[in-house]
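Read off the chains here:
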Amino acid sequence: MVRRFSIQLFAVFIASFMMVSLVKAGEVEVLHWWTSGGEAKSVAVLKGLLEKEGHVWKDMAVAGGAGANAMTVLKTRAVSGNPPTAAQVKGPQIQDWADEGLLTNLDPVAKQEKWDDMVPKVVADIMKYEGHYVAVPVNVHRINWMWCNPEVFKKAGAQIPKTWEEFEASAKKIKEAGFIPVAFGGQAWQEATVFESIVVGQGGAEFYKKAFVDVDPKALNSSTMIKALDTFKMVKSYTDKDAPGRDWNLATGMVIKGDAAMQFMGDWAKGEFLAAGKKPGEDFVAMPVPESAGTFLFNIDSFIMFEVKDKESQKAQSAMARLILGETFQEVFNVNKGSIPVRSGIPTANFDSVALQSMDDFKEAAAKGTLHPSMAHEMAVSPAVRGAFFDVITNFYNSNMTAEKAAAEFVNAAAAAM
Ligand code: GAL
């Protein structure tokens, strides 16, 4: 009897010890929107690295391309006083969150790891609030890419286009051959992604900057913008009737399967091709969006960290920040994700031809002044102005609104949002 009692007591002791040690392990709850095949595979790398160091990863994945749903969840959590440990937040929004006074100062880990020496200043500036790091950058994505299935082009006797004129000629042939020329997802952020690439293609880098970075009314309501809007509608005529609401990765899947010839999308699309076992240059071809070759529209993913009280969680949080800019993560994650490393000193041997081209184009665009932040992906303007632009783009795309009216609307909507 006594013996049985002591065994029970021992079991209780062990159980409570285990609970204490569970609580003691540093935990990071990470809010992100990387749920597609390629994205999930990529973010799993970070989870694995943290777990290897003995920390606990609590996954808070909120599906929805470009993070619209994730941002809603984040705001709700923050308002109720229960933010996650880390959240995927980008561009000017980082400053807004820091303004609320909720973010952890990451300077200690930044100093120890010498972030200032390995991250370009333009990127570091986005991550800093009043001179202090409050976010850690993950990667550099390029927006103005076109993903092609060469087999479909071949079957249709069409060429992969470099100009909008060539695009129209090829798209006609592809349609006649019974394929969908453009795989498209009718969601506001995807419409804006495609449209900003068209704007770069038709107006050039300088024009893009004036319109979507500087919010210059003369550029917004101009003949160049009207031409880009008309091209956007022309592209629409080569999409299929099921495009409304379609997720971006399903659109990529149409190109992978050979139902569609091409998709205009940032290079996270490459992550889907790779996850499906496809080889660049053989099974798929990546080209800049027509007429946009010299320009690099960039999109940098990053994580902000919220203040946590528990010492072990603080350790886990700082480990996460360190690992993100560490060599292993930068290499493995970016190879899978389709992006390129955001820091210097990462060996390029394991990166494919598309990534290598992206690295070269990034450097060249930076030198030439044609490296610009993506409006659609929250890098260029405030959330309010971005929202105003999205409304005009989506209303124009989904109605009979004229291009002239939409161009004028850009000016009105931006003014009201500023
Ligand atoms: C972008 C993000 C990418 C990718 C994409 C689709 O905004 O920067 O990493 O996840 O959305 O969800």
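## Let's talk about the domain arrangement of the protein
Logical step 1: Structurally, the protein comprises domain 1 (7–140 + 301–371) and domain 2 (145–297 + 373–417).
Logical step 2: Centre-to-centre, using C-alpha coordinates, domain 1 lies 29 Å away from domain 2.
Logical step 3: If you look at the interface, domain 1 gives 30 residues, while domain 2 gives 24 residues.
Logical step 4: The junction of domain 1 with domain 2 conceals about 2,400 Å² of combined surface from both sides, 57% of it contributed by carbon and sulfur atoms.
Logical step 5: Considering only the side of domain 1, the residues that lose the most area to domain 2 are Ala66, Lys90 and Val354, jointly responsible for 20% of the buried surface there.
Logical step 6: Counting every contact that joins domain 1 to domain 2 gives one salt bridge.
Logical step 7: In this structure, Lys270 engages Asp352 in a salt bridge whose closest nitrogen and oxygen atoms are separated by 2.9 Å.
Logical step 8: On inspection of domain 1 and its partner domain 2, the count reaches seven residue pairs in polar contact (both at pLDDT 80 or more).
Logical step 9: Elements represented by at least two residues in the side of domain 1 that touches domain 2 include exactly helix H2 (37–52), helix H4 (93–99), helix H16 (327–337) and helix H17 (353–368).

## Side note on the packing of aromatic side chains
Geometrically, a pair of aromatic rings is defined through the distance of the ring centres and the angle of the planes.
Logical step 1: By the definition in use, this model includes 24 aromatic pairs.
Logical step 2: Summarising the aromatic geometry, the rings of Phe195 and Phe212 are spaced 6.2 Å apart at their centres and angled 65° between planes, so their arrangement reads as edge-to-face.
Logical step 3: In this structure Phe195 comes out as buried when scored by relative accessible area, which is 0%.
Logical step 4: Ring geometry for Phe195 and Phe410: centres 6.2 Å apart, planes at 15°, overall stacked. Taken as a pair, Phe195 in helix H10 (residues 188–213) and Phe410 in helix H19 (residues 403–417) lie far apart in primary sequence, 215 residues in all.
Logical step 5: Among the residues examined, Phe410 registers a relative accessible area of 0% and is labelled buried.
Logical step 6: Through a chain of ring-to-ring contacts, the aromatic side chains of Phe184, Phe195, Tyr208, Phe212, Phe232, Phe389, Tyr397 and Phe410 assemble into a single cluster.
Logical step 7: Lying over the aromatic face of Phe396, Lys233 brings its terminal NZ or CZ to 4.1 Å of the ring centre.
Logical step 8: Lying across the ring of Tyr397, Lys236 places its NZ or CZ 4.7 Å from the centre.

So, how was this worked out
- Residues numbered from 1 in each chain as written.
- Predicted model: local features only at pLDDT ≥ 70, side-chain atom pairs only at ≥ 80, totals over all residues.
- Heavy atoms only, no water.
- Domains from an automatic or database assignment.
- Contact = heavy atoms within 4.5 Å.
- Buried area = accessible area lost by both parts, 1.4 Å probe.
- Salt bridge = Lys/Arg side-chain N within 4 Å of Asp/Glu carboxyl O.
- Polar contact = N/O pair within 3.5 Å; in protein donor to acceptor, adjacent residues only side chain to side chain.
- Helix = DSSP H or I, 4+ residues; strand = E, 2+ residues; numbered from the N terminus.
- Phe/Tyr/Trp six-rings, centres within 6.5 Å; stacked < 30°, edge-to-face > 60°.
- Buried < 20%, exposed > 50% of the residue type's maximum accessible area, 1.4 Å probe, protein only.
- Lys NZ or Arg CZ within 6 Å of the ring centre and 35° of its normal.

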